[in-house]
Amino acid sequence: MAEAARDADVIAFTPKSASDAPATAPLLVRSVEPRDKLAWDRFVDAAPGAVFFHRAAWPGVIERTYGHKDCSLIAMRGGEVAGVLPLNLVKSPIFGKSLISTAFTVGGGVLAADAQAREALAAAAVDIGEKNQVDCVEMRFVDAALDGWVTKKDVYAGFRKQIPADEDENLKMIPRKKRADVRKGIKNQALAVDADADIDVFYALYAESVRNLGTPVFPVSLIRNLKDAFGDDMELSVISGPDGPVVGLASFFFKDEVLPYYGGAQPAARALHAYDYQYWSLMRRAAARGATVFDFGRSKYGAGAFDYKTYWGFEPEPLHYQYKLIRAKAAPDVNPMNPKYRLMVNVWRRLPLALANRLGPIVASQLG
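In this text, all values refer to a predicted model and were calculated from it rather than measured experimentally. (Residues numbered from 1 in each chain as written. Predicted model: local features only at pLDDT ≥ 70, side-chain atom pairs only at ≥ 80, totals over all residues. Heavy atoms only, no water.)

(A) The overall build of the chain, seen in detail. Helices and strands together make up the secondary structure of the chain, namely 12 helices and 19 strands. What you see for the chain is a C-alpha radius of gyration of 21 Å, in line with the 21 Å of a compact globule of 368 residues. Taking the principal axes of the C-alpha coordinates as reference, the chain spans close to 70 × 45 × 35 Å. When each of the 368 residues of the chain is scored for burial, the buried share is 52%. (Helix = DSSP H or I, 4+ residues; strand = E, 2+ residues; numbered from the N terminus. Rg over C-alpha atoms; globule rule 2.2 N^0.38 Å. Buried < 20%, exposed > 50% of the residue type's maximum accessible area, 1.4 Å probe, protein only.)

(B) Representation of the state of the cysteines. Under the defined criterion, the tally for this structure stands at 0 disulfides. Summary of cysteine pairing: cysteine 71 is not part of a disulfide, and the nearest cysteine sulfur, belonging to cysteine 136, is at 14 Å. Given a relative accessible area of 10%, cysteine 71 falls into the buried group. (Disulfide = S-S within 2.5 Å.)

(C) Highlighting the packing of helix α6 (residues 199-213) against helix α7 (residues 220-230). Contact pair α6 / α7: the axes reach a minimum separation of 10 Å and the direction vectors enclose 135°. Here α7 runs oblique to α6, going by the angle between their axes. Judged by the twist between their axes, the crossing of α6 over α7 is right-handed. Residues Ile199, Asp200, Phe202 and Tyr203 of α6 form the contact with α7, whose own contacting residues are Val220, Ile223 and Arg224. Here the residues of the contact of α6 with α7 are counted per class, giving 5 nonpolar, no polar and 2 charged. (Axes fitted to C-alpha atoms, helices over the stretch in contact; angles between N-to-C directions. Parallel < 35°, antiparallel > 145°, perpendicular 65-115°, else oblique. Left-handed = near helix turned anticlockwise from the far one by under 90°. Contact = heavy atoms within 4.5 Å. Nonpolar A, V, L, I, M, F, W, Y, C, P; charged D, E, K, R; others polar.)

(D) Fine view of the layout of surface pockets. Here the second largest pocket is characterised by a volume of approximately 670 Å³. Along the wall of the second largest pocket there are 33 residues; nearest its centre are Gly49, Ala50, Val51, Phe141 and Val142. Taken together, the elements giving at least two residues each to the lining of the second largest pocket come down to β9 (111-112), β10 (136-141), β12 (156-162), β16 (257-265) and β17 (293-300). Its residues assigned to classes, the lining of the second largest pocket shows 17 nonpolar, 6 polar and 10 charged. (1 Å grid on protein atoms, 1.4 Å probe; cavity = no way out; pocket = protein on both sides within 12 Å on 5 of 7 lines; lining within 4 Å. Points joined across faces, edges and corners; volume = space filled by probe spheres on them.)

Okay, structure coming up:
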């Protein structure tokens, strides 16, 4: 294990022996600077196991939107990036204080070229967490990567599947019952897709949908900040029926993948089969852009969204979230399936929409 000499912003790791180290320059872990962002994203683009939430812009978007400090770290060796760790310090009077990678997303964690860089970045994150007296440091991995950290793998699952370029082949991959629903959406000439939708139109659909689910809505500034940060790698789409917009979807493009991320629909969308059609039409647009993987995101075990994704033929893959407990005695369990929060969920569903939209961003800012 490497020894470390630390100050506030830089950690210099000197291996104990030649067998512990790459045959190159020493490893340095330090706070990210604006000049690092291009090199950071080049590393992410080339790294196996990277997800969209490793992109350099994410922690800054979270800081600008919610005020949670960007504490991101980068590992350098010989002038080259050896690893990255997007981090936000999330403070909440309700849920406590945590250092999270990547906050307000479903993925993240240490992304490193080798074990030495991975361990160094994790150690530096723990050091920041201890200095800030957080409850825990949280890494949202696909696979568990850190020894000695508390691991939870029974809460969320991810869903990913190939999307063939051929439309007929793609349809055949969808189970028969769901395929019939998709065909109804395709044949419904009353449905129209706008793949360059207005932010406010999307947000109105999303805000009403999450209120109906009992979830506080994030501020519209989050969508504006994400669009500014990611440009054409973020798509806002809206499907309209005979009486106006009924479905809104915010999606991200990354490498050969497309990730539908924020979605909301009015109740009228079900009868129109617009909810199914939005995902099908996104698959086709993504395939036209060269994407070959459809990342359906995460869902909680036992949730309706979990079942919905299996109906499309996606197989759940457990996600491994890891925690280094600092002040906390146990890993956090902040999710609406937790009986502790069921009353809040049920009350929120009954709020007038205008009130929910006013209060939502205040509460949502604490749900990192």
